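Listed here are the chains, written in short residue letters.
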Amino acid sequence: IEPVHSIKCRLRQMSVTAGAVKVTRRRAVGKISQEDLDELAKAVAEEFRQVGSRYFLQIKGEPKISASSTKVTIELPVESGDSW
């Protein structure tokens, strides 16, 4: 498993469009430790705060990240600026 900072760098370089990240069954995700998932959640939250501010969105709570053998799922509960 590569360090989280490498994932963070790759996410910055990817275009943020539907289907930008695709995991197929041939390239299964290995077991990711809870510590690494927590670190990834913090990194994703920080990056989203920068992007979300441009759209008047704020993370509500903490990101939820789960991993299976074929995918990593990131849930970001958000609220609009109208709710602040």
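Quick note: structure is the one above.
Residues numbered from 1 in each chain as written. Predicted model: local features only at pLDDT ≥ 70, side-chain atom pairs only at ≥ 80, totals over all residues. Heavy atoms only, no water.

### Remarks on the pairing of strand E2 (residues 64-67)
To keep things clear, this is the line we draw: Note: two strands are recorded as paired if DSSP finds a minimum of 2 bridges between them. Working definition: helices are DSSP H or I runs of at least four residues, strands are E runs of at least two. Numbering for both runs from the N terminus.
Direction of pairing for E2 relative to strand E3 (residues 72-75): antiparallel, over a ladder of four bridges. Bridging across to E3, Ala67 finds its partner in Val72. Here E2 hands over to E3 after four residues, the two strands then running antiparallel side by side.

### Focus: unusual backbone geometry
Unlike most non-glycine residues, Phe56 shows phi in positive territory, near 60°. On the secondary structure map, Phe56 appears in the loop between helix H2 (34-54) and strand E1 (57-59).

### Considerations on H2
Stated precisely, the cut-off is as follows: Expected span of a helix, by definition, is 1.5 Å for each gap between consecutive residues, and there is one gap fewer than residues. Exposed residues in this analysis have more than 50% of their type's maximum accessible area, buried residues have under 20%, and partly exposed residues fall in between, with area computed by a 1.4 Å probe over protein chains only.
If you check H2, its first and last C-alpha atoms are 31 Å apart, about what 21 residues at 1.5 Å a residue would give, namely 30 Å. For H2, every residue scored as buried is listed here: Leu37, Leu40, Ala41, Ala43, Val44, Ala45, Glu47, Phe48 and Gly52. Positioned one or two residues after H2, Phe56 has a phi angle of 60°, which is positive.

### Observations regarding the environment of Ile59
Stated precisely, the cut-off is as follows: Pairs of residues are marked as contacts when any of their non-hydrogen atoms sit within 4.5 Å.
Along the chain, Ile59 turns up in strand E1. A relative accessible area of 9% means that Ile59 is categorised as buried. In the structure, Ile59 is positioned 17 residues away from Leu76 in sequence and 6.5 Å away in space, judged by C-alpha atoms. Setting aside residues up to four positions removed in sequence, Ile59 forms contacts with Ala45, Phe48, Leu76, Pro77 and Val78.

### What to know about the nonpolar core
Heads up, the condition is: Definition used in this section: a nonpolar core is a set of buried Ala, Val, Leu, Ile, Met, Phe, Trp, Tyr and Cys residues joined via side-chain atoms within 4.5 Å.
Core analysis: the biggest nonpolar cluster contains six residues, these being Ile32, Leu37, Leu40, Ala41, Val44 and Ile65. With four residues, the top contributor of residues to this core is H2. Every residue in contact with Ile65, bar those within four places of it in the chain, is listed here: Leu37, Leu40, Ala41, Val72, Thr73 and Ile74.

### Considerations on the environment of Leu57
Along the chain, Leu57 falls in strand E1. The class for Leu57 is partly exposed, based on a relative accessible area of 28%. Placed 20 residues apart in sequence, Leu57 and Pro77 show a C-alpha to C-alpha distance of 9.9 Å.

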